[in-house]
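If you want the building blocks of each chain, they are given just below.
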Amino acid sequence: MNRVVCPGSFDPITYGHLDIIARASALFDEVVIAVLVNQTKKSLFTVEERLEMISEVTAQYPNVRVDSWSGLLVDYCETNQIGSIIKGLRAVSDFDYELQMSQINYQLKGIETLFMSTSPAHSFLSSSLVKEVASFGGDVSSYLPPIIQKRLLDRLNSHKSQG
Ligand code: PNS
């Protein structure tokens, strides 16, 4: 079976991620979306919440499944017999870091990284920017599926009311 992992923080998942996931699902037998636990990065949603949200908005792709992992991505790949990683590249600014990661991941365990260019409609999108825009009351409806937008606004409002 030709399987690929699509890793990230997905805090929360955006239309940019979904574009890559949808296109990868047409190319591979199975796409595993892996939510990587990053202890040093403060997240808005728990890993469980992110898994649930991703499952909901990818339910229409029968060959896409969701998982989480704490540790090196290459160890996830080895443990789950996945030979390649797929990443979306938005702009040249993504390239340096992504290149370094892909080279180290190949050197560590021989795991290949495939880069898919993000659709121009989403090339500026990132979860961090979406959170910032939403936190100041900006319209994020074109960046996120409605159910994710609702969860994001509810979470930001509950943070505000907690002071
Ligand atoms: O959505 P993000 O935060 O840009 O995703 C980055 C992610 C999670 C894919 C990357 O940080 C990662 O692969 N983390 C797992 C830990 C790891 O393997 N680090 C070494 C890569 S060189």
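Heads up: these notes are all about the structure in this document.

Broken down by element type, the protein carries 6 helices and 5 strands. When the helices and strands of the protein are listed from N to C terminus, the series reads β-α-β-α-β-α-β-α-β-α-α. By the compact-globule yardstick of 15 Å for 163 residues, the protein fits well, its C-alpha radius of gyration being 16 Å. Expressed along its principal axes, the backbone C-alpha trace of the protein runs to roughly 50 × 35 × 30 Å. Every one of the 163 residues in the protein was classed for burial, and the buried ones make up 44%. Restricting the contact set of the protein to residue pairs at least 6 apart, pairs at least 24 apart contribute 76%. Here the protein displays about 9,000 Å² of accessible surface, and carbon together with sulfur accounts for 54% of that area. The averaged location of the 18 negative side-chain charges in the protein is 4 Å from the averaged location of its 14 positive side-chain charges.

This part is about the packing of aromatic side chains. Within a pair of aromatic rings, the relevant descriptors are the distance that separates the centres and the angle that separates the planes. For the coordinates displayed, the defined rule picks out 2 aromatic pairs. With centroids separated by 5.3 Å and ring planes inclined at 70°, the aromatic side chains of W69 and Y76 adopt a geometry described as edge-to-face. When the ring of F124 is compared with that of Y143, the centres are 5.8 Å apart and the planes differ by 75°; the resulting orientation is edge-to-face. Taken as a pair, F124 in the loop between β5 (112–117) and α5 (127–135) and Y143 in the loop between α5 and α6 (146–161) lie far apart in primary sequence, 19 residues in all. Given the relative accessible area of 22%, Y143 is considered partly exposed.

α6 packs onto helix α2 (residues 47–57) with a crossing angle of 155° between their chain directions and a minimal axis gap of 10 Å. Considering their axes alone, α2 and α6 lie roughly antiparallel with respect to each other. In this structure, α2 contributes E49, E52, M53, E56 and V57 to the contact, and α6 contributes I147, I148, R151 and R155. Residues that form the contact of α2 with α6 fall into these classes: 4 nonpolar, no polar and 5 charged.

This part is about the environment of E78. Along the chain, E78 turns up in helix α3 (residues 73–79). In sequence terms E78 and G110 are 32 residues apart; their C-alpha atoms lie 9.6 Å from each other.

If you look at the biggest cluster of nonpolar residues, it comprises 31 residues, and the most contacted ones within it are F10, I13, V31, I86 and L152. Taken together, the elements giving at least two residues each to this core come down to β1 (3–8), α1 (15–27), β2 (30–36), α2, α5 and α6. For this core, the element with the highest residue contribution is α2, accounting for 5 residues. Discounting residues that sit within four places of it in the chain, L152 has contacts with L44, F45, V130, K131, A134 and L144.

Rules behind the numbers
Residues numbered from 1 in each chain as written. Predicted model: local features only at pLDDT ≥ 70, side-chain atom pairs only at ≥ 80, totals over all residues. Heavy atoms only, no water. Helix = DSSP H or I, 4+ residues; strand = E, 2+ residues; numbered from the N terminus. Rg over C-alpha atoms; globule rule 2.2 N^0.38 Å. Buried < 20%, exposed > 50% of the residue type's maximum accessible area, 1.4 Å probe, protein only. Contact = heavy atoms within 4.5 Å. Areas by Shrake-Rupley, 256 points an atom, 1.4 Å probe, with all protein chains shown as cover. Lys, Arg positive; Asp, Glu negative; His and termini not counted. Charge placed at Lys NZ, Arg CZ, Asp CG, Glu CD. Phe/Tyr/Trp six-rings, centres within 6.5 Å; stacked < 30°, edge-to-face > 60°. Axes fitted to C-alpha atoms, helices over the stretch in contact; angles between N-to-C directions. Parallel < 35°, antiparallel > 145°, perpendicular 65-115°, else oblique. Nonpolar A, V, L, I, M, F, W, Y, C, P; charged D, E, K, R; others polar. Core = buried A, V, L, I, M, F, W, Y, C linked by side-chain atoms within 4.5 Å.

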